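# Structural overview for review
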Amino acid sequence: MSHGHEEHLWIPESDLEGMSVDTLSVRAGQIRTGQLEHSDAIFPTSSFVYGSAAQAAARFGGEEAGNIYSRFTNPTVQAFEGRIAAMEGGEKAVATASGMAAILSTCMSLLKTGDHVICSRGVFGTTNVLFQKYMARFGVETTFVSLTDVSAWQAAVRPETKMLFIETPSNPLCEVADMDALSSLAHANDALFVVDNCFCTPILQRPLEHGADLVIHSATKYLDGQGRCVGGVVVGPAKYLDEVYGFIRSAGPTMSPFNAWVFQKGLETLPIRMRAHCDNALELAKWLETQPSVEKVFYAGLESHPQHELAKKQQSGFGGMVSFTVKGGREQAWRFIDGTRMISITANLGDVKTTITHPATTTHGRLAPEDKVQAGITENLIRLSVGIEAIDDLKTDLARGFQALED
Ligand SMILES: Cc1ncc(COP(=O)(O)O)c(C=O)c1O
């Protein structure tokens, strides 16, 4: 066969079937134009042209497939959606303007007034606010329960329960949910089981294989991996994703083509980045456990973690997020954070650069005091998103934090 055969230029997705997530992260979802570019093209256009008024009418009328307007579809955004859907093992994906827009769009398209949601307590602070403040205004009530107590989930189920929502591992305490148990409970009650897979990404965990109906990402985190863009995505079967798509097409929280391109390129390095994050995080978690000023380390890779065995079963790695408490309160936590020099004080996570946060006054600062207590967000808690710097340099910088506690 000579070079130039079309089948080598436009690889059908079916040729990638059964391939590993490492391969899919590099190859799935590519849309190659007639220019035969090797790297993915970017389509920064708000609308698309037609050859005739009749063709425009056919597109708008749905008789002819194709792009119309980038609030609806855009080839760069579709390329990202195709890749992440393949990696999560989902039929379809819909990209959104942010991770929160992904959660909101899921709720707006699949819930209605009178429905009830059960959500784990240890979720990202803004997710809690979205359910508790905003969804409640539209008559969707949410009960918050402990992520790890399956009997509490069972007890919270009502006839109107339509969605069980979790993050696993949770932010910031790295608790791990039993996804098989919660998906069975959801399905026995005709409810959707929705998993925010932000911490693990499909490299370490594929919730759809554990009965999740929908997977949500803040693409802002590991999918980008270099802290450049805000975005989100919902993945799952077409029967739900078509509803989510209908909502974003009408309401407008779509992903921009530029951001989609950044995320598409980010996915290509996700497998090797995740392994580097996991290696550094495990080593640091073990090291932190030996420090005299540390009270407790929260990381599912530690044998001391209550869901260590479950995490080993569900995940192929323990992720890059490590939280710990220092002896003392807010003053000591802040002194530690300010004592580090290289690590960035910022609330974002999933970056190749290590970041450090005080959840009680930043990411979870808007929670009511009693909700903070229940979610375990104490004043002496520090969250590290462990990057891919050399492990010894990370220890050197954290040692400056410990030194600041002694001074
Ligand atoms: C676990 C998790 N889910 C969702 C979000 C929200 O994502 P975004 O900031 O992209 O809206 C975040 C943000 O930090 C998060 O940590």
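Read on for a plain summary of the structure. (Residues numbered from 1 in each chain as written. Predicted model: local features only at pLDDT ≥ 70, side-chain atom pairs only at ≥ 80, totals over all residues. Heavy atoms only, no water.)

Let us look at the state of the cysteines. All told, the structure shown has zero disulfides when counted by the stated rule. With no disulfide of its own, cysteine 198 lies 9.8 Å from the sulfur of cysteine 200, the closest cysteine sulfur. We classify cysteine 198 as buried; its relative accessible area is 9%. Left unpaired, cysteine 278 is separated from the closest cysteine sulfur, that of cysteine 200, by 7.6 Å. You can call cysteine 278 buried: its relative accessible area is 10%. (Disulfide = S-S within 2.5 Å. Buried < 20%, exposed > 50% of the residue type's maximum accessible area, 1.4 Å probe, protein only.)

Every buried residue belonging to helix 13 (residues 330–339) is among Ala333, Phe336, Ile337 and Gly339, and all of these are buried. One side of helix 13 carries all its buried residues, which in axial view fall inside an arc of 165°. For helix 13, the elements touching its buried residues are strand 9 (321–326), strand 10 (344–345), strand 11 (355–357), strand 12 (381–385) and helix 15 (391–406). (Helix = DSSP H or I, 4+ residues; strand = E, 2+ residues; numbered from the N terminus. Arc of directions from axis to C-beta. Contact = heavy atoms within 4.5 Å.)

Lining the immediate environment of the ligand, one finds 13 residues, of which Met100, Asp196, Ser218, Thr220 and Lys221 sit closest. The contact in question runs from an oxygen atom of the ligand to an N or O atom on the backbone of glycine 99, over 2.9 Å. Here serine 218 contributes a side-chain N or O atom positioned 2.8 Å from an oxygen atom of the ligand. Protein coverage of the free-state accessible area of the ligand, which is 390 Å², stands at 90%. (Near = heavy atom within 4 Å. Polar contact = N/O pair within 3.5 Å; in protein donor to acceptor, adjacent residues only side chain to side chain. Areas by Shrake-Rupley, 256 points an atom, 1.4 Å probe, with all protein chains shown as cover.)

Attention shifts here to the sheet that holds strand 7 (residues 232–236). As summarised here, the arrangement of the seven strands in space is 1-7-6-5-4-2-3, forming an open sheet in which the pairing is mixed. One side of each edge strand has no neighbouring strand; the edge strands of this open sheet are strand 1 (92–96) and strand 3 (141–145). Put simply, the sheet's adjacent strands are angled 20° from each other on average, direction ignored. The pairing of strand 1 with strand 7 spans five bridges and is classified as antiparallel. Following the sheet pairing, valine 94 is matched in strand 7 by valine 234. Against the sheet, helix 4 (residues 75–88) engages strand 1, strand 6 (214–218) and strand 7, with an angle of about 130° to strand 1. Sitting on the sheet, helix 10 (residues 238–251) touches strand 1, strand 5 (192–196), strand 6 and strand 7, and the angle it makes with strand 1 is about 25°. (Pairing = 2+ DSSP bridges. Axes fitted to C-alpha atoms, helices over the stretch in contact; angles between N-to-C directions.)

Quick look at the packing of helix 5 (residues 99–110) against helix 10 now. At a minimum axis separation of 8 Å, helix 5 and helix 10 run at an interaxial angle of 105°. As summarised for this structure, helix 5 and helix 10 are arranged roughly perpendicular, according to the angle between their axes. Contacts between helix 5 and helix 10 involve Ser105, Thr106, Met108, Ser109 and Leu110 from the first element and Tyr240, Glu243, Val244, Phe247 and Ile248 from the second. Looking at the contact of helix 5 with helix 10 residue by residue, the classes come out as six nonpolar, three polar and one charged. (Parallel < 35°, antiparallel > 145°, perpendicular 65-115°, else oblique. Nonpolar A, V, L, I, M, F, W, Y, C, P; charged D, E, K, R; others polar.)

Right, let's talk about the sheet that holds strand 11 for a bit. With mixed pairing, five strands are arranged side by side in an open sheet as 8-9-12-11-10. The two strands at the open ends of the sheet, each matched to only one other strand, are strand 8 (294–298) and strand 10. Across two bridges, strand 10 lies against strand 11 in parallel orientation. Bridge assignment links isoleucine 345 to a residue of strand 11, and that residue is isoleucine 356.

Its location among the elements puts glycine 387 in the loop between strand 12 and helix 15. Residues glycine 387 and glycine 320, 67 residues apart in the sequence, show an inter-C-alpha distance of 7.3 Å. Setting aside residues up to four positions removed in sequence, glycine 387 forms contacts with His277, Asn280, Asp351, Val352, Lys353 and Thr354.

This part takes up helix 8 (residues 179–188). Those residues of helix 8 that sit buried are Met179, Leu182, Ser183, Leu185 and Ala186. All buried residues of helix 8 lie within an arc of 160° about the axis, which places them on one face of the element. Taken together, the buried residues of helix 8 touch helix 7 (150–156), strand 4 (161–167), strand 5 and helix 12 (308–314). Just past helix 8, the residue aspartate 190 takes up positive phi, approximately 55°.

Time to look at the side chain of arginine 273. Among the secondary structure elements, arginine 273 is positioned in helix 11 (residues 257–289). Once you skip the residues sitting within four places of it in the chain, arginine 273 turns out to touch Tyr222, Leu223, Asp224, Gly225, Gly266, Val352 and Ile388.

To continue, consider the packing of aromatic side chains. Counted under the stated rule, the structure contains nine aromatic pairs. Between tyrosine 50 and phenylalanine 60, the ring centres sit 6.4 Å apart and the planes meet at 65°, which makes this aromatic pair edge-to-face. Within this pair, whereas tyrosine 50 is found in the loop between helix 2 (21–27) and helix 3 (53–61), its partner phenylalanine 60 is found in helix 3, the two being separated by ten residues in sequence. Residue classification places phenylalanine 60 among the exposed positions, given a relative accessible area of 55%. Every member of this aromatic cluster is reached through a ring pair, and the members are Trp287, Phe324, Phe336 and Phe402. Taking NZ or CZ as reference, arginine 249 lies 3.8 Å from the ring centre of phenylalanine 72, over its face. (Phe/Tyr/Trp six-rings, centres within 6.5 Å; stacked < 30°, edge-to-face > 60°. Lys NZ or Arg CZ within 6 Å of the ring centre and 35° of its normal.)

Right, let's get into unusual backbone geometry. In this chain, threonine 168 is followed by proline 169 through a cis amide linkage whose omega measures -5°. The residue proline 169 is located in the loop between strand 4 and helix 8 in this model. In this chain, asparagine 171 is followed by proline 172 through a cis amide linkage whose omega measures 5°. With respect to the helices, strands and loops of the structure, proline 172 is situated in the loop between strand 4 and helix 8. Notably, leucine 36 is not glycine yet its phi reads approximately 60°, a positive angle. You will see that cysteine 174, though not glycine, has its phi angle at about 55°, which is positive. Relative to the helices and strands, cysteine 174 resides in the loop between strand 4 and helix 8.

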